[in-house]
Amino acid sequence: MRRSVRIANTAVIALIFFGGGAVKQSSFAARAQQKTASAAEVKIDNFSFGPAAITVPVGTTVTWTNRDDIPHTVVSTDKVFKSKVLDTDEKFSYTFDKPGEYPYFCSIHPKMTGKVVVTN
Ligand SMILES: [Cu+2]
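Nothing here was measured: the structure is a model prediction, and the numbers come from that model.

## Description of the overall build of the chain
Scanning the chain for helices and strands turns up one helix and eight strands. Counting all 120 residues of the chain, 28% fall into the buried class. Looking at the chain alone, contacts between residues at least 24 apart form 48% of all its contacts between residues at least 6 apart. On the chain, roughly 8,300 Å² of surface is accessible, and the fraction owed to carbon and sulfur atoms is 60%.

## Re the coordination of the copper ion
His72 (ND1), Cys106 (SG) and His109 (ND1) make up the full set of protein donors to the copper ion, lying at 1.9 to 2.2 Å. Counting residues between consecutive donors of the copper ion along the chain gives the motif H-x33-C-x2-H. With a gap of 34 residues between them, His72 in the loop between strand 4 (60-66) and strand 5 (75-76) and Cys106 in the loop between strand 7 (100-105) and strand 8 (113-119) connect regions that are remote in the sequence. With respect to burial, His72 and Cys106 carry one shared label: buried.

## Overview of the pattern of salt bridges
Under the criterion given, the structure shown has three salt bridges. Salt-bridge contacts for Arg67 lead to Asp89; the nearest nitrogen and oxygen are separated by 3.0 Å. Of the two residues, Arg67 is situated in the loop between strand 4 and strand 5 and Asp89 in the loop between strand 5 and strand 6 (91-96); the sequence distance between them amounts to 22 residues. Under the relative-accessibility criterion, Arg67 is labelled partly exposed at 40%. Across the pair Lys115 and Glu101 runs a salt bridge, and its minimum N-O distance is 3.4 Å. With Lys115 in strand 8 and Glu101 in strand 7, this residue pair connects regions lying 14 residues apart in the sequence.

Criteria and thresholds
Sequence order as written defines the numbering, with residues in each chain counted from 1. Given that this is a predicted model, residues contribute local features only at a pLDDT of at least 70 and side-chain atom pairs are listed and counted only at 80 or more, while totals for whole chains, interfaces and linings are drawn from all residues. Hydrogens and water are ignored here; the side-chain numbers use all heavy atoms of the structure. Runs of E in the DSSP output that reach at least two residues are strands. Runs of H or I that reach at least four are helices, and both are numbered from the N terminus. Relative accessibility under 20% of the residue-type maximum defines a buried residue, over 50% an exposed one, and the middle range a partly exposed one, all with a 1.4 Å probe and only protein chains included. Should any heavy atoms of two residues lie within 4.5 Å, those residues are considered in contact. Only the protein chains shown count as cover for residues, and all accessible areas are computed by the Shrake-Rupley method using a 1.4 Å probe. Donor atoms are limited to N, O and S found within 2.8 Å of the metal ion, a distance that becomes 3.2 Å for Na, K and Ca. With water left out, some sites might look partial. Salt bridge, as applied in this entry: a Lys or Arg side-chain nitrogen positioned within 4 Å of an Asp or Glu carboxyl oxygen.

Written as structure tokens, this is what we have:
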């Protein structure tokens with residue numbers, strides 16, 4: 001009686017262990033996939049873009065988030081992309097499909113500038 005209970009417990013423990021392993025493996029695969037279609041974040045706060053310059057591989061989606069309590073925009077100097085006016089906590093995303101340098105600024109506060117460098 002006692003022995004069969006112990007065997008059952010072992011089976012349950014093994015099930016949890018292997019089950020957990022499978023979950024871990026699938027979330028690893030998801031993470032690897034995210035790396036292929038990569039993403040980068042720029043925060044807007046205190047009248048500045050942070051980081052002001054980022055370098056990302058082609059295909060990266062950059063998301064700007066306005067963490068300031070003042071509206072800002074994200075406008076490409078070369079008219080490649082342009083956000084609407086972003087209120088606090090609003091986001092703007094753009095996917096960079098071509099290598100190059102993409103300077104940008106805030107059209108409300110033109111002294112706010114940043115740059116995305118996209119590499120092959
Ligand atoms: Cu601004």
